[in-house]
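Here's the letter readout for the chains.
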Amino acid sequence: MKNFELKFNAKAIHAGSKPCPATGAHIGPIYRSSTFVMDNVEQAIRISQGEEEGYSYGRFGNPTETELEEKMAALENGENALATASGMAAITTTLMTFLKNGDHLIAGDIIYGCTYGLIRDILTKYGIEVTFVDTSDLENIKKAIQPNTKVIYIETPCNPVLRIADIGGAAEIAHNNGASLIVDSTFATPFLQNPLDLGADVVVHSATKYLGGHGDIVGGIIVSSKEIISKIRDPHLQFFGGIISPGDAFLIIRGLKTLGIRMKAHCESAQAVAEYLEEHPMVEKVYYPGLPSHPQHELAKKQMRGFGGMMSFDVKGGFEGGKTVMNNVKLISLATSLGCIDSLIQHSPSMSHFTMSKEERGKVGIMEGQVRLSVGIEEAENIIEDLENALEEVKKLGV
Ligand code: LCS
């Protein structure tokens, strides 16, 4: 029989998943168990010393978690993966594995607000030096390199203004200077980009978003080489303890099986919505990598296989204009988070980026009235009709 290479959906459905070995149940069970029974003490010793593969305690690993990790490793073309309690657990555990007192970290100046807060307030407390730069220009990264730079951390596309960083270029700078590149690829998902293929050392995701896809779990994933994952798992995740629950791992596994078809629908609707908004007289600016007006549109075309479901836009009338849109949509929910099957709208300064001060946000162009839209898989016509009605209310403000 000839071997064949699995395409994205086939991988998402089959990688890591198998029927229950005990009962033959088609869908593997959720292994709800905090500990695992040993045959004898000799086996307990072999497992604890890594001489035998096996499960011993829930915080060290669980078969449902393994199924998720194998699936994500396959989708990101990584050797191994590690599932965590949240995207933030994935990020903190990875950064704490790579960095120690006296090291220097270069991070994007526009990234998810809690990641920004973690780096600015917590890592610096442990003697880690930090430089925030606009990572959409490789020159800024080059200029920030110091002899003690150990990590370059980028988010691409970035939250909330969808700036794109050149993953291959950033990896080259990192590796020429003895540093590692960590990429938060939450907005892209493995359907649209594979950072490890472009040279990144580690890719992290908030699985709460597109990977789960249905807004019913909080989780995170780290994908990398076997060696790096094993360092992050043992001892860092084992000691920090931010593991995923088996029930949440199961829902992410289920979500991943339809990631490909969902992402296609997100991309298609988002492109139509972005084009509509860009033409609207009450909208000042649209931030979406699928628009030729986006400053890194060409890079996005090269590095990604589509432009995703996320966008931000500035409404005429500043805060009043943006607020009027967010308070008048009906189909779209006013809620933070993103990547759900249903469309969500939010006020970035007060919701996803509350940890940044007004001055910090102002410096990097997160406008006070800015609206972020996570375009769901509803038909674009309906999303546009909802926005049209809300934008009519902005016209009435006379701005
Ligand atoms: N990375 C990115 C790019 C994110 O957008 C988020 C959360 C995280 C990491 C953290 O993941 P979590 O721990 O929440 O699973 N972004 C959110 C947002 O924009 N609104 O609410 C959460």
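Residues numbered from 1 in each chain as written. Predicted model: local features only at pLDDT ≥ 70, side-chain atom pairs only at ≥ 80, totals over all residues. Heavy atoms only, no water.

A.B. asks: When you look at unusual backbone geometry in this model, what are you seeing that I'm missing?
C.D. replies: For residues besides glycine, phi is generally negative; the peptide bonds are generally trans as well. Residue Pro 157 is bonded to the preceding Thr 156 through a cis peptide linkage, with omega at -10°. Within the secondary structure, Pro 157 is located in the loop between strand 4 (149-155) and helix 7 (167-176). Geometrically, the link from Asn 159 to Pro 160 is a cis peptide bond, its omega value of 10° lying close to zero. Residue placement: Pro 160 occurs in the loop between strand 4 and helix 7. The backbone phi angle of Leu 162 is positive, close to 60°, even though this residue is not glycine. (Helix = DSSP H or I, 4+ residues; strand = E, 2+ residues; numbered from the N terminus.)

A.B. asks: When you look at the domain arrangement of the protein in this model, what are you seeing that I'm missing?
C.D. replies: Interfaces are often described in size by the accessible area the parts lose on coming together. According to the domain assignment, the protein contains domain 1 (8-30 + 61-256) and domain 2 (259-395). Across the contact, 43 residues belong to domain 1 and 43 residues belong to domain 2. For the pair domain 1 and domain 2, the summed buried surface comes to about 3400 Å²; carbon and sulfur atoms form 62% of the total. The largest per-residue losses of area from domain 1 upon contact with domain 2 belong to Ile 164, Leu 192 and Tyr 210, which jointly make up 23% of the total buried on that side. (Domains from an automatic or database assignment. Contact = heavy atoms within 4.5 Å. Buried area = accessible area lost by both parts, 1.4 Å probe.)

A.B. asks: Is there a simple way to think about the site of the ligand in this case?
C.D. replies: Near the ligand lie 18 residues; those nearest to it are Asp 184, Ser 206, Thr 208, Thr 336 and Arg 372. The side chain of Ser 206 places a nitrogen or oxygen atom 2.8 Å from an oxygen atom of the ligand. At 2.6 Å, a side-chain N or O of Thr 208 approaches an oxygen atom of the ligand. Here the ligand has 480 Å² of accessible area as a free molecule, and 92% of this is covered by the chains. Take the shell around the ligand: its biggest share by element is three residues, from helix 4 (residues 87-98). (Near = heavy atom within 4 Å. Polar contact = N/O pair within 3.5 Å; in protein donor to acceptor, adjacent residues only side chain to side chain. Areas by Shrake-Rupley, 256 points an atom, 1.4 Å probe, with all protein chains shown as cover.)

A.B. asks: Explanation requested: the sheet that holds strand 8 (residues 283-287) in the structure shown.
C.D. replies: Pairing within the open sheet is mixed, and its five strands lie in the order 8-9-12-11-10. A single partner strand is all that each edge strand has here, and the edge strands are strand 8 and strand 10 (333-334). Two strands pair when backbone bridges link them, and strand 11 (residues 344-347) and strand 12 (residues 371-374) are joined in this way by four bridges, in the antiparallel orientation. Pairing of His 347 across the sheet is with Val 371, part of strand 12. Sitting on the sheet, helix 15 (residues 380-396) is in contact with strand 8, strand 9 (310-315), strand 11 and strand 12, with an inclination near 20° to strand 9. (Pairing = 2+ DSSP bridges. Axes fitted to C-alpha atoms, helices over the stretch in contact; angles between N-to-C directions.)

A.B. asks: What should I look at first to understand the packing of helix 3 (residues 63-75) against helix 10 (residues 246-257) in this one?
C.D. replies: For any two helices packed against each other, the geometry comes down to the angle between their axes and how far apart the axes lie. At a minimum axis distance of 8 Å, the contact between helix 3 and helix 10 shows a crossing angle of 35°. Between helix 3 and helix 10 lies a crossing of left-handed hand. When helix 3 is examined against helix 10, the residues Thr 64, Glu 65, Glu 67, Leu 68, Lys 71, Met 72 and Leu 75 are found in contact with a partner set consisting of Pro 246, Ala 249, Phe 250, Ile 252, Ile 253, Leu 256 and Lys 257. Broken down by class, the residue content of the contact of helix 3 with helix 10 amounts to nine nonpolar, one polar and four charged. (Left-handed = near helix turned anticlockwise from the far one by under 90°. Nonpolar A, V, L, I, M, F, W, Y, C, P; charged D, E, K, R; others polar.)

A.B. asks: So what exactly am I meant to see when it comes to the nonpolar core here?
C.D. replies: Inside soluble globular proteins, nonpolar side chains tend to come together where they are buried. If you look at the biggest cluster of nonpolar residues, it comprises 63 residues, and the most contacted ones within it are Leu 68, Leu 277, Phe 313 and Leu 387. Broken down by element, this core gets its largest block of residues, eight residues, from helix 11 (residues 259-279). When residues of this core are assigned to domains, at least three map to each of domain 1 (8-30 + 61-256) and domain 2 (259-395). The next biggest cluster of nonpolar side chains, apart from the first, holds 31 residues, and it includes Leu 99, Ile 110, Tyr 153 and Ile 366. (Core = buried A, V, L, I, M, F, W, Y, C linked by side-chain atoms within 4.5 Å. Buried < 20%, exposed > 50% of the residue type's maximum accessible area, 1.4 Å probe, protein only.)

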